[in-house]
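Per-entry structural report
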Amino acid sequence: MLAVPAISGAGQPLKVGAVYTVPVAQQWIARIHSALLDYVVRGEIDYRFSENVQFADYGSVLRQFASAGYDLVLSDAFAHEEDARLIAREFPNSTFLLGSGYAVDSRFPNVLVFDSYIQDASHLTGIVGGAMTQTGKVGIVARLDFPGVNRLLNAFIDGAREWRSNTEFVVDYIGSWYDPERAGELAVTQIAGGADVILADAAGAAETAGHNQIPAIGSFSGPVSAQSAMLVTAAVWHFEPTLQAVLDRVRGKSRGVNDFGIYSYIRHSGCSIMPIAAFPDRIPENAIERVARRENEMRQQLFTANHNPSRPFSGLFPALQ
């Protein structure tokens, strides 16, 4: 376990423990970890975490944190949904915040759930992608056929077709959370088939697109410095609004909401679209205006991107048939 004590601030900091099944450098966890470190600096929390916890050790590590009297125990519980809830029931004085695909369950009143519901930002990047393609063919290189991934892919597709209704897509999954070599291979195949824009959900696809002078758009972005210079824009998750809402709940300042995924919506400043970087000349000015208008509508709750976790339909470009 690694401990990060609060640095400054008034009042007693909350004790927060986190159990991560992947390294903190992984893009999803990195956004959570970075936000927690910010709250350490602000003096609001003491933070201890274990990373890269193996499947067989998950239950014992989670129980170890809970038994130590943490006010909040956070975990990416997707592969351990039932075990995490049963352990939470053993420790009613702690609040558990689970990255989860399950709905809220009244049998576990101390369990809160969240996920990166950044489909608003993904829809906006889709408008950019739809405006950029000249062939009408967009390649998508994704990580896993998983609801949390598919949600972002479908939102991107909706955005692209909002701009260009006849846009065609090929969706390929690398079959894991991280395999840059495989992602690069799939991007090469899609480009050979006529794709002139790549949605790079999987690491490695953006870099390959860049080497081929093909613009790439990120579907889920942490730090962008490691991405290809060809990355035009990306949907970016901001975990801070979720964390603040949860800490308010733990302190008794709020009640009622148990599913904190909504705090990833644009209206809560939980996601954003990265400023346009590469290929600015290929994006029509009225497309940028459309993005700005849609974002404003999202903030005013006049428009919300679809929440569709199903695997998107994928056809084959003629050159690949």
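Coordinates for the structure precede this section.
As a starting point, this report considers the structure included with it. It should be emphasised that the depicted structure is a prediction, and the values quoted were computed from it without experimental measurement.

What counts as what
Residues numbered from 1 in each chain as written. Predicted model: local features only at pLDDT ≥ 70, side-chain atom pairs only at ≥ 80, totals over all residues. Heavy atoms only, no water. Helix = DSSP H or I, 4+ residues; strand = E, 2+ residues; numbered from the N terminus. Buried < 20%, exposed > 50% of the residue type's maximum accessible area, 1.4 Å probe, protein only. Polar contact = N/O pair within 3.5 Å; in protein donor to acceptor, adjacent residues only side chain to side chain. Contact = heavy atoms within 4.5 Å. Axes fitted to C-alpha atoms, helices over the stretch in contact; angles between N-to-C directions. Parallel < 35°, antiparallel > 145°, perpendicular 65-115°, else oblique. Left-handed = near helix turned anticlockwise from the far one by under 90°. Nonpolar A, V, L, I, M, F, W, Y, C, P; charged D, E, K, R; others polar. Phe/Tyr/Trp six-rings, centres within 6.5 Å; stacked < 30°, edge-to-face > 60°. Lys NZ or Arg CZ within 6 Å of the ring centre and 35° of its normal. 1 Å grid on protein atoms, 1.4 Å probe; cavity = no way out; pocket = protein on both sides within 12 Å on 5 of 7 lines; lining within 4 Å. Points joined across faces, edges and corners; volume = space filled by probe spheres on them.

Secondary-structure assignment places E81 in helix 3 (residues 81-90). Here E81 falls in the buried class, since its relative accessible area comes to 6%. Reaching out from E81, the side chain makes a polar contact with the side chain of R85 at a distance of 2.8 Å. Of the polar contacts made by the side chain of E81, one reaches the side chain of S100; its length is 2.8 Å. When near neighbours in sequence (up to four residues on either side) are disregarded, E81 contacts S100, G101 and Y102.

Right, let's talk about the packing of helix 1 (residues 27-41) against helix 8 (residues 240-250) for a bit. A pair of packed helices is captured by two measures, namely the crossing angle of their axes and the spacing between those axes. Across the interface, helix 1 lies against helix 8 with an axial gap of 9 Å and an inter-helix angle of 55 degrees. By the angle between their directions, the pair helix 1 and helix 8 is classed as oblique. As helix 1 packs across helix 8, the resulting crossing turns out to be right-handed. Of the residues in helix 8, those touching helix 1 at A35, L36, D38 and Y39 are E240, L243, Q244 and L247. Broken down by class, the residue content of the contact of helix 1 with helix 8 amounts to 5 nonpolar, 1 polar and 2 charged.

Here we come to the packing of aromatic side chains. Tallied over the entire structure, the rule returns 13 aromatic pairs. Directly above the ring of Y70 sits K15, whose terminal nitrogen or CZ lies 4.8 Å from the centroid. Against the face of Y39 rests R42, its NZ or CZ located 4.1 Å from the ring centre.

Attention now moves to empty space enclosed by the protein. Under the definition given, this model contains 1 cavity of 30 Å³ or more. Here the largest cavity is characterised by a volume of approximately 30 Å³. What lines the largest cavity is simply R85, A103, V104, D105, F108, V111 and V113. Classifying every residue of the lining of the largest cavity by side-chain character gives 5 nonpolar, no polar and 2 charged.

Don't take any of this as a statement about function, it's just geometry.
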